[in-house]
Amino acid sequence: MSARIYAIANQKGGVGKTTTAVNLSAALARLGRKVLLVDLDPQGNATMGSGIDKQAVSQTVYPVLLGLTGIAEARVASPDGGYDVLAANRDLAGAEIELVGLEGREHQLAKALAVVAQQYDFIILDCPPSLSLLTLNGLCAAHGVIIPMQCEYFALEGLSDLVNSIKRVHANLNPEIELVGLLRVMFDPRMTLSQQVSDQLVRHFGDKVFNAVIPRNVRLAEAPSFGQPGIVYDPGSRGSKAYLEFGEELIGRLSHGLVVTEEA
Ligand code: ATP
Ligand code: MG
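What counts, and at which threshold
Residues numbered from 1 in each chain as written. Chains lettered and ligands numbered in written order. Predicted model: local features only at pLDDT ≥ 70, side-chain atom pairs only at ≥ 80, totals over all residues. Heavy atoms only, no water. Helix = DSSP H or I, 4+ residues; strand = E, 2+ residues; numbered from the N terminus. Rg over C-alpha atoms; globule rule 2.2 N^0.38 Å. Buried < 20%, exposed > 50% of the residue type's maximum accessible area, 1.4 Å probe, protein only. 1 Å grid on protein atoms, 1.4 Å probe; cavity = no way out; pocket = protein on both sides within 12 Å on 5 of 7 lines; lining within 4 Å. Points joined across faces, edges and corners; volume = space filled by probe spheres on them. Nonpolar A, V, L, I, M, F, W, Y, C, P; charged D, E, K, R; others polar. Pairing = 2+ DSSP bridges. Contact = heavy atoms within 4.5 Å. Axes fitted to C-alpha atoms, helices over the stretch in contact; angles between N-to-C directions. Near = heavy atom within 4 Å. Polar contact = N/O pair within 3.5 Å; in protein donor to acceptor, adjacent residues only side chain to side chain. Areas by Shrake-Rupley, 256 points an atom, 1.4 Å probe, with all protein chains shown as cover. Core = buried A, V, L, I, M, F, W, Y, C linked by side-chain atoms within 4.5 Å. Salt bridge = Lys/Arg side-chain N within 4 Å of Asp/Glu carboxyl O.

A few points about the overall build of the protein chain
- Per the secondary structure count, the protein chain includes 12 helices and 8 strands.
- The C-alpha atoms of the protein chain give 17 Å as radius of gyration, which agrees with the globular expectation for 264 residues (18 Å, within 12%).
- Oriented by its inertia axes, the alpha-carbon framework of the protein chain measures out at about 50 × 40 × 35 Å.
- Looking at the protein chain as a whole, 55% of its 264 residues are labelled buried.

In structure tokens form, the structure reads like this:
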């Protein structure tokens with residue numbers, strides 16, 4: 001069996017991509033799955049949130065994307081997370097420019113992942129807040145895209161850009177890719193607006209909206225400063241429980257063969 005590869009993407013900044021990537025990785029690991037988390041963001045937040053010092057790490061995703069080294073050489077273990085990490089730091093900002101000259105530049109990550117895919121059940125890609133060449137590498141490597149969304153007034157704005165990008169990648173670069181689902185994050189049930197936007201999402205996207213809902217929970221926000229996924233830092237918190245439920249839902253969808261059949 002080869003890993004299922006999921007890109008966590010949304011070109012909006014600060015919507016919970018990294019929190020989702022880190023905690024989904026930790027949840028899947030806790031559920032007994034072998035997981036690799038790939039940090040595709042020069043901010044390196046997924047790296048730090050997994051307990052890896054982005055300045056001190058010797059190998060990152062950057063030389064991997066340039067074809068200079070393999071993932072087997074570059075990956076490190078998250079000390080407490082129970083999963084492997086392909087780290088990122090600011091070096092990655094330069095990759096964008098260096099990649100442009102390479103033939104098949106969109107497929108560099110896919111090529112590198114193919115070598116280690118048999119060793120994992122899941123590979124989770126934390127994408128940067130843009131539709132850049134780095135995100136494009138993520139979309140070309142992934143079987144599916146998971147979009148974290150805050151249920152606020154402008155949440156749907158920009159969503160069509162992302163969905164159109166996924167369609168373009170599907171048509172031109174990666175026929176396997178599909179929109180797996182939308183994940184409601186930082187949800188505040190006391191806000192009528194949250195509920196209204198949530199209802200609107202479900203009306204629009206039907207069963208592409210995951211049942212699991214991630215609440216706004218301060219423990220999830222605190223955890224990165226301790227270099228731990230929220231799931232490890234405070235397993236009993238509401239946020240951690242929600243991410244565990246999400247992990248279970250994702251595994252359940254796979255085993256029931258429900259992962260989206262028609263095109264997004
Ligand atoms: P960027 O676009 O910069 O990469 P992002 O989409 O990866 O951002 P995060 O870094 O995951 O977003 O989250 C943005 C901020 O919101 C962080 O400070 C994070 O700790 C906080 N946060 C994320 N999810 C939650 C949550 N469910 N409850 C409370 N705080 C959260
Ligand atoms: Mg992020």
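So, next bit.
Description of the layout of surface pockets
- Its boundaries defined by the atoms lining it, the largest pocket holds a volume of some 500 Å³.
- Contributing elements (two or more residues each) for the lining of the largest pocket: α1 (17–30), α2 (45–49), β7 (178–187), β8 (209–215) and α10 (218–222).
- When residues of the lining of the largest pocket are assigned to their parent elements, the largest contribution, 5 residues, is made by α1.
- Its residues assigned to classes, the lining of the largest pocket comprises 14 nonpolar, 12 polar and 3 charged.

A few points about the sheet that holds strand β4 (residues 84–86)
- Spatially, β3-β4-β2-β5-β1-β6-β7-β8 is the arrangement adopted by the 8 strands of the open sheet, whose pairing is mixed. The outermost strands of the open sheet, each flanked by one partner alone, are β3 (76–77) and β8.
- Summarising the sheet, strand β2 (residues 35–39) and β4 pair through 3 bridges and their orientation is parallel. Following the sheet pairing, L36 is matched in β4 by D84.
- Sheet strands touched by α1: β1 (4–8), β2, β5 (122–126), β6 (144–150) and β7. Its angle to β5, the strand with the most contacts, is close to 165 degrees.
- The strands that helix α6 (residues 108–116) touches are β1, β2 and β5; relative to β2, the one it contacts most, it runs at about 160 degrees.

Observations concerning empty space enclosed by the protein
- One pass over the structure, following the stated rule, counts 2 cavities of 30 Å³ or more.
- Empty space within the largest cavity amounts to approximately 80 Å³.
- Around the largest cavity sit N10, Q11, K12, V15, M149, Q150, E152, A155, E157, G158 and L159, which together line it.
- Broken down by class, the residue content of the lining of the largest cavity amounts to 4 nonpolar, 4 polar and 3 charged.

Here we look at the site of ligand 1
- The full set close to ligand 1 counts 18 residues, and G14, K17, T18, T19 and N217 are the nearest of them.
- The contact in question runs from an oxygen atom of ligand 1 to an N or O atom on the backbone of G16, over 2.9 Å.
- A distance of 2.9 Å is found between a nitrogen atom of ligand 1 and a backbone nitrogen or oxygen belonging to P215.
- Notes on ligand 1: free accessible area 630 Å², of which the protein chains cover 80%.

Here we look at the side chain of S194
- Relative to the helices and strands, S194 is located in helix α9 (residues 192–205).
- On the basis of relative accessibility, which here comes to 4%, the residue S194 falls in the buried class.
- The contacts of S194, once residues within four sequence positions are left out, are C151, F187 and D188.

Overview of the nonpolar core
- Membership of the largest hydrophobic core comes to 50 residues, with the highest contact counts inside it found for V38, L113, I123, L125 and I147.
- If near-sequence neighbours (up to four positions away) are discounted, V38 is found in contact with V61, L86, L109, L113, I123, I124, L125 and D126.
- Of all hydrophobic cores here, the second largest spans 32 residues; its members include I124, F210, A242 and F246.

Examining the pattern of salt bridges
- This structure, assessed with the given rule, holds 4 salt bridges.
- In this structure, the salt-bridge partner of E222 is R219, at a minimum N-O distance of 2.8 Å. Separated by 3 residues within a single helix, E222 and R219 lie in helix α10, roughly one turn from each other.
- With a relative accessible area of 26%, E222 lands in the partly exposed category.
- Classification of R219 by relative accessible area gives partly exposed; the value is 28%.
- Ionic pairing is found between E249 and R253, a salt bridge with its closest N-O pair at 3.6 Å.

On their own, these measurements won't tell you what the molecule is for.
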